[in-house]
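Geometric and topological summary
One-letter residues, chain by chain:
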Amino acid sequence: SGVIGLWWLSLVPMIWRFVPTDLHTCLSAKDRRDVGAEGAKAPAAGAETAASTECFKNEAARKTIWWAAVLYELERTVSQVAIEVVASLLLEIEFGWHPDSIGMLVALGFILGVPINEVFLFARRALQLPDATSARFCAMLGTVSTLLLWPGAGASLLGSD
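It should be emphasised that the depicted structure is a prediction, and the values quoted were computed from it without experimental measurement.

Thresholds applied
- Residues numbered from 1 in each chain as written.
- Predicted model: local features only at pLDDT ≥ 70, side-chain atom pairs only at ≥ 80, totals over all residues.
- Heavy atoms only, no water.
- Helix = DSSP H or I, 4+ residues; strand = E, 2+ residues; numbered from the N terminus.
- Buried < 20%, exposed > 50% of the residue type's maximum accessible area, 1.4 Å probe, protein only.
- Contact = heavy atoms within 4.5 Å.
- Areas by Shrake-Rupley, 256 points an atom, 1.4 Å probe, with all protein chains shown as cover.
- Salt bridge = Lys/Arg side-chain N within 4 Å of Asp/Glu carboxyl O.
- pLDDT = per-residue confidence, 0-100.
- 1 Å grid on protein atoms, 1.4 Å probe; cavity = no way out; pocket = protein on both sides within 12 Å on 5 of 7 lines; lining within 4 Å.
- Points joined across faces, edges and corners; volume = space filled by probe spheres on them.
- Nonpolar A, V, L, I, M, F, W, Y, C, P; charged D, E, K, R; others polar.
- Phe/Tyr/Trp six-rings, centres within 6.5 Å; stacked < 30°, edge-to-face > 60°.

1. Concerning the overall build of the chain
- A tally of helices and strands in the chain yields 6 helices and 0 strands.
- Counting over 161 residues, the chain shows a buried share of 11%.
- The long-range fraction of contacts in the chain, counting pairs at least 24 apart against all pairs at least 6 apart in sequence, stands at 61%.
- Counting every atom, the chain has about 12800 Å² of accessible surface; 70% of that belongs to carbon and sulfur.

Below, the structure written as structure tokens:
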């Protein structure tokens with residue numbers, strides 16, 4: 001678990017570098033492209049080949065992005081389930097919790113997830129945080145929180161036993 005925590009922690013600089021802080025430029029470029037595509041006239045006979053080549057490029061880019069999103073979601077889901085299973089195992093073995101109590105804790109986590117998300121969304125709207133800032137905050141929080149998987153990190157960071 002410590003190796004996984006270090007691997008996720010190594011992603012912090014990449015998240016900081018590659019998650020854009022200002023999406024306005026990207027959104028403006030997309031809007032201009034969308035308006036240009038809607039206002040375009042029918043292509044001339046010689047331009048059909050160029051248009052079909054561009055269509056293939058766009059389709060290939062879409063497929064690449066789609067598969068990258070699928071693989072990211074698969075990795076995220078596997079990591080999330082693995083952390084839940086390890087937490088349950090640690091509570092049972094290390095702390096002597098009964099499986100019924102662990103099940104109640106997991107259920108409580110699912111039940112509280114929605115209200116906590118709503119509080120986050122309310123705070124985000126109240127503070128008028130842009131999407132990129134929220135995405136960076138959530139990515140950093142998730143990445144840094146894996147430090148708690150490191151043995152002894154809870155004692156040094158949170159002062160627990």
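More follows now that the structure is in view.
2. Concerning the pattern of salt bridges
- The final tally for this structure, using the stated rule, is 2 salt bridges.
- Two residues, Arg76 and Glu73, come together in a salt bridge whose shortest N-O distance is 2.6 Å. Note that Arg76 and Glu73 are positioned in helix 3 (residues 48-93) at a spacing of 3 residues, about one turn of the helix.
- Overall, the relative accessible area of 31% leaves Arg76 in the partly exposed class.
- In this structure, Arg124 engages Asp131 in a salt bridge whose closest nitrogen and oxygen atoms are separated by 2.0 Å.

3. Describing unusual backbone geometry
- Even without being a glycine, Gln128 presents a positive backbone phi close to 55°.
- Inspection of the secondary structure puts Gln128 in the loop between helix 4 (99-127) and helix 5 (131-145).
- Here Gln128 falls in the exposed class, since its relative accessible area comes to 68%.

4. Focus on the confidence of the model for the chain
- Predicted confidence across the chain gives a mean pLDDT of 76, with 75% of residues reaching 70 or more.
- When mean pLDDT is taken per element in the chain, helix 4 scores highest with 88 and helix 6 (residues 153-158) scores lowest with 65.

5. A few points about the layout of surface pockets
- Estimates place the volume of the largest pocket at around 1300 Å³.
- In terms of lining residues, the largest pocket is bounded by 32 residues, among which Arg76, Gln80, Ile83, Gly142 and Ser145 are the most central.
- Elements that contribute at least two residues to the lining of the largest pocket include exactly helix 1 (2-18), helix 3, helix 4 and helix 5.
- In terms of residue count, helix 4 provides more of the lining of the largest pocket than any other element does, 11 residues in total.
- Residues belonging to the lining of the largest pocket are distributed by class as follows: 19 nonpolar, 10 polar and 3 charged.

6. Remarks on the packing of aromatic side chains
- Evaluated as defined, the whole model comprises 2 aromatic pairs.
- With a centroid separation of 6.3 Å and 10° between ring planes, the pair formed by Phe120 and Phe137 is classed as stacked. Separated by 17 residues along the polypeptide, Phe120 in helix 4 and Phe137 in helix 5 bring together distant segments of the chain.
- For Phe137, a relative accessible area of 46% gives the class partly exposed.

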